[in-house]
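Coordinates in review
The primary structure of each chain is shown beneath.
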Amino acid sequence: MTAVPRSFRSGLRRLSSWRGWSLWVLLGVIVVALLVTLVYLAARYEASVAQANVERDVADALSDIRSAMTRNVQELQALQSGRADLDRWQPEAERLLREHRDWVRLERRGPGLELVAEADTPYRPPVFARLGRANSLPEIQQACAGARRISGHAYARSHFVPQPDGLGLELMELCLPHVEAGRLLGFVVATYSLTDLLATHIGPQMGRSQEISFTEADGTRLAIHGLARRGRRVFTAQQLLDLPGNTMVLRMDSWRRSEPDLFPNVLTALVTVMSIALVTVLFTLGHDTRRRLRAEQDLADALAFRKAMEDSLVTGLRARDLQGHTTYVNPAFCQMVGFSPEELLGQGSPAPYWPPERADEYRQRQQVRLAGRNAPPREGFESVFMHKDGTRFPVLIIEAPLINAQGLQTGWMSAVLDISEQRRVEELSRASQERLQATARLATVGEMASLLSHELNQPLAAIASYAHGSMNLLQQNAPPAVELRLAMARIAEQADRAGRVIKSVHDFVRRRDQAREPVSARELVDAVLPLVNLQARKLRVRVEIRMADGLPSVLCDRTMVEQVLLNLARNAMQAMDDAHVAEPELVLEVRATTAGEGGRRWLAFSVADVGPGVAEEVKGQLFTPFFTTKVEGMGLGLSLCRTVVEQHGGSLVFEPNLPQGTIFRFTLPAQPDLKA
Ligand code: ADP
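We now examine the site of the ligand. Not every one of the 19 residues close to the ligand is listed here, only the nearest: Asn571, Thr628, Thr629, Lys630 and Leu638. At 2.7 Å from an oxygen atom of the ligand is found a side-chain nitrogen or oxygen belonging to Lys630. The backbone of Gly635 places a nitrogen or oxygen atom 2.9 Å from an oxygen atom of the ligand. Across the complex, the protein chains shield 93% of the 540 Å² of accessible surface that the ligand would expose by itself. Of all elements in the fold, only α12 (558-578), α13 (637-647) and β22 (662-675) reach the threshold of two or more residues within the shell around the ligand. Tallying contributions element by element places α12 first for the shell around the ligand, with three residues. For the shell around the ligand, a count of residues per class yields nine nonpolar, eight polar and two charged.

Rendered as structure tokens:
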């Protein structure tokens, strides 16, 4: 994740956004295509329904016309049966004409087609009045010839007869032979007006936007009933009307106002609504997906950031679950212990980096930790780990509970610091400090060498004089035993004294034990007093010790603290001597205080002199190592004192001792339980 170059990632992002867009366009195209197909199919369906309707209508019309014509033929046959009685024929024919608007004329003709009787429709002026009936004779002949041939009614081809009003009528002759006992008696000829035929039998059932017509086989219109075209689309259906002697086409045209409506039926509307809903849902989904992608991107960035952070850390990180199995290690940790992540992940106890000799102790510690019985210290704890190559190294481990997103603890996260380098530096500084202190002590002793010789002079002189006296006594004949014993006792006493002086110096120089121990203030003061007195006697300084009873003990490194006391006392006496103070006086005081944080008890030491005080220009650098105002001084005393006191947790300060001199004060922590 981290190694992917930036340009490549942005390229990927562009590609995926381009893909996203193209997908959306594709989706839009599909939905639009679906809708268009649907509308088209619905329109086609509607057209087919309309077409079927027209077909049905024309079939109905045809059967209506057929049955009407058959009925007509029957009525004509009834007319014929009253055969020779012309008087009765005429009114009967006129009645029939009144009832049948589709006939324009009825004729009764003899066997040679000669006209016997005739009747015209009362609804029109006589049709043949203008051009005469003779023009229609061929059609009559055709019909009657057909009728005779088939011994039944027959029709002739239609013919056009112009009318006085400028229009004309398409007429069709029907001939019915009158045969009785195989003898032809005559014919009844009925003349149909095709237009009226349509109007009478079809007209009443026809829709407003329909038109019905008779046409010839080639499409020539013979008669029309209905309105002229209205609307843009026309549906046409045709049926053949085959009559004996004549065949015509019955044609029906039905107009629709426009294309089918956009929502011609519920299905289309439903599908459209659903499509819109689908697109809306898809858009919402897309929006959501985009948001999720963005969140994922942010998360990936955050993860990459975190990973980079972990990888750059020099602190080792290790996570363990509640069963003690390692679930995570960072590169720094792996480097520290020399194992690869694969060797560490999933490992329980003992972990491969535990030194075998400490595994038991660590296991117990881990059990306590996992049982949650004690919280790990915030400042961490020190431990020892083992590198893969077997070397042990000290580490500082800081542990914190691992809490998941639900707020449940899933394990422990530890930060591990390799502190071997820190330890090495500490060791080095401690060693050099020790060396410095030893040097300082030797220097102190060097400075005191003259004092020592002065101090040792007295017992040695006393020993010498006692020895001389004893020798003299021994030269007598009867040496007095009592006196000799006394002299010897004095010699031993003085030798003891000299030995003590030397031992005190020896002790001071050689004592090196570092351990902190509870020491009473009295012991501390008593330890340095012989050496202080040594110098005080030489410089004629009056030394005063002020100590209350029942002071608590001090938890300290006694050698160090003794040296602090000695250094301060020595500095004070030297300062007074250098300034030729008339009555030099040194006051060493120890008090108990409760000052400081948490009401903790402290022991406050002070060393006061009546010397010249610390010059203003010197104050700032008093504690700087190697700062001195003395010719033979080393300038290490005070700096060491401060280091020692601060190592114990206390502080070393100085202030003027009014009206004259300086007071050095330092504090050391009291041991609460042990009281002197
Ligand atoms: P050194 O004693 O070797 O000079 P120190 O660090 O002990 O080194 O002292 C540093 C300087 O502080 C001394 O040289 C002296 O000038 C000054 N000083 C220390 N104690 C006193 C004191 N009680 N009164 C005045 N000056 C002091």
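So that's the structure; there's more coming.
Let's shift gears to the nonpolar core. With 48 residues, the main nonpolar core has Leu524, Leu568, Met573, Leu586, Val590, Phe605 and Phe666 as its most contacted residues. If we ignore the near neighbours within four places in the chain, the residues touching Leu524 are Val519, Val554, Cys556, Arg558, Val561, Glu562, Leu565 and Phe605. In this structure, Ile65, Leu79, Leu97 and Ala223 belong to the second largest nonpolar core, which totals 42 residues.

What follows concerns the sheet that holds strand β15 (residues 409-418). One open sheet holds the five strands; their spatial order is β12-β11-β15-β14-β13, and the pairing between them is antiparallel. Looking at strand neighbours, the two that pair on one side only are β12 (326-329) and β13 (381-386), the edges of this open sheet. On average, adjacent strands in this sheet sit at an angle of 35 degrees to one another, irrespective of strand direction. Here strand β11 (residues 316-321) pairs with β15 via six bridges, running antiparallel. Directly across from Asp321, in β15, lies its bridge partner Gly411. On the sheet, helix α8 (residues 359-370) packs against β11, β13, β14 (392-403) and β15 and is oriented at approximately 130 degrees with respect to β13.

Let us look at empty space enclosed by the protein. All chains considered together, the criterion is met by five cavities of 30 Å³ or more. Of the volumes computed, that of the largest cavity is approximately 100 Å³. For the largest cavity, the full set of lining residues is Arg318, Arg320, Trp354, Tyr362, Arg365, Gln366, Arg369, Phe381, Phe385, Ile397 and Glu399. Broken down by secondary-structure element, the contributors of at least two residues to the lining of the largest cavity are β11, α8, β13 and β14. Ranked by residues supplied to the lining of the largest cavity, first place goes to α8 with four residues. When grouped by side-chain class, the residues that make up the lining of the largest cavity number five nonpolar, one polar and five charged.

Taken as a whole and judged by the stated rule, the model has 34 salt bridges. Arg66 is the partner of Asp242 in a salt bridge, and the nearest nitrogen-oxygen pair spans 2.9 Å. Here Asp242 is found in strand β9 (residues 233-243), whereas its partner Arg66 is found in helix α1 (residues 6-81), with 176 residues between them in sequence. In this structure Asp242 comes out as partly exposed when scored by relative accessible area, which is 46%.

As a further point, take a nonpolar patch on the surface. Side chains of Leu23, Leu26 and Ile30 sit close together on the surface and give an oily, nonpolar patch of about 300 Å² of accessible area. On the secondary structure map, Leu23 appears in helix α1.

Okay, the sheet that holds strand β8 (residues 221-226) next. Taken together, the four strands give an open sheet; going across it, the order is β8-β7-β10-β9, and neighbouring strands pair in antiparallel fashion. The open sheet has two free edges, formed respectively by β8 and β9, since each of these has just one partner strand. Taking the axes of each pair of neighbouring strands and ignoring which way they run, one obtains an average angle of 20 degrees across the sheet. Relative to β8, strand β7 (residues 210-215) is paired through five bridges, and the arrangement is antiparallel. Bridged to Ile212 within β8 is His225. In the packing of helix α4 (residues 194-201) onto the sheet, the strands contacted are β7, β8 and β10 (246-256), and the crossing angle to β8 comes to about 30 degrees.

Attention now goes to the packing of aromatic side chains. Using the criterion set out here, one finds nine aromatic pairs in the structure. The interplanar angle of 85 degrees and the centroid separation of 6.4 Å between the aromatic rings of Phe333 and Phe385 together place this pair among those described as edge-to-face. Taken together, the residues Phe333 in helix α6 (residues 331-337) and Phe385 in strand β13 connect sequence positions 52 residues apart. Phe333 sits in the buried class, given a relative accessible area of 0%. The class of Phe385 is buried, set by a relative accessible area of 1%. Seen in terms of ring centroids, Phe605 and Phe666 are 4.8 Å apart; in terms of plane orientation they differ by 0 degrees. Their pairing is stacked. Of this pair, Phe605 sits in strand β20 (residues 602-609) while Phe666 sits in strand β22, and the two are 61 residues apart along the sequence. Exposure remark for Phe605: the relative accessible area of 1% places this residue in the buried category.

Criteria and cut-off values
- Residues numbered from 1 in each chain as written.
- Predicted model: local features only at pLDDT ≥ 70, side-chain atom pairs only at ≥ 80, totals over all residues.
- Heavy atoms only, no water.
- Near = heavy atom within 4 Å.
- Polar contact = N/O pair within 3.5 Å; in protein donor to acceptor, adjacent residues only side chain to side chain.
- Areas by Shrake-Rupley, 256 points an atom, 1.4 Å probe, with all protein chains shown as cover.
- Helix = DSSP H or I, 4+ residues; strand = E, 2+ residues; numbered from the N terminus.
- Nonpolar A, V, L, I, M, F, W, Y, C, P; charged D, E, K, R; others polar.
- Core = buried A, V, L, I, M, F, W, Y, C linked by side-chain atoms within 4.5 Å.
- Buried < 20%, exposed > 50% of the residue type's maximum accessible area, 1.4 Å probe, protein only.
- Contact = heavy atoms within 4.5 Å.
- Pairing = 2+ DSSP bridges.
- Axes fitted to C-alpha atoms, helices over the stretch in contact; angles between N-to-C directions.
- 1 Å grid on protein atoms, 1.4 Å probe; cavity = no way out; pocket = protein on both sides within 12 Å on 5 of 7 lines; lining within 4 Å.
- Points joined across faces, edges and corners; volume = space filled by probe spheres on them.
- Salt bridge = Lys/Arg side-chain N within 4 Å of Asp/Glu carboxyl O.
- Patch = residues over 30% accessible without salt bridge, like charges linked within 9 Å, V, L, I, M, F, W, Y side chains within 5 Å.
- Phe/Tyr/Trp six-rings, centres within 6.5 Å; stacked < 30°, edge-to-face > 60°.

Limitation: the analysis is restricted to geometry and does not speak to function.
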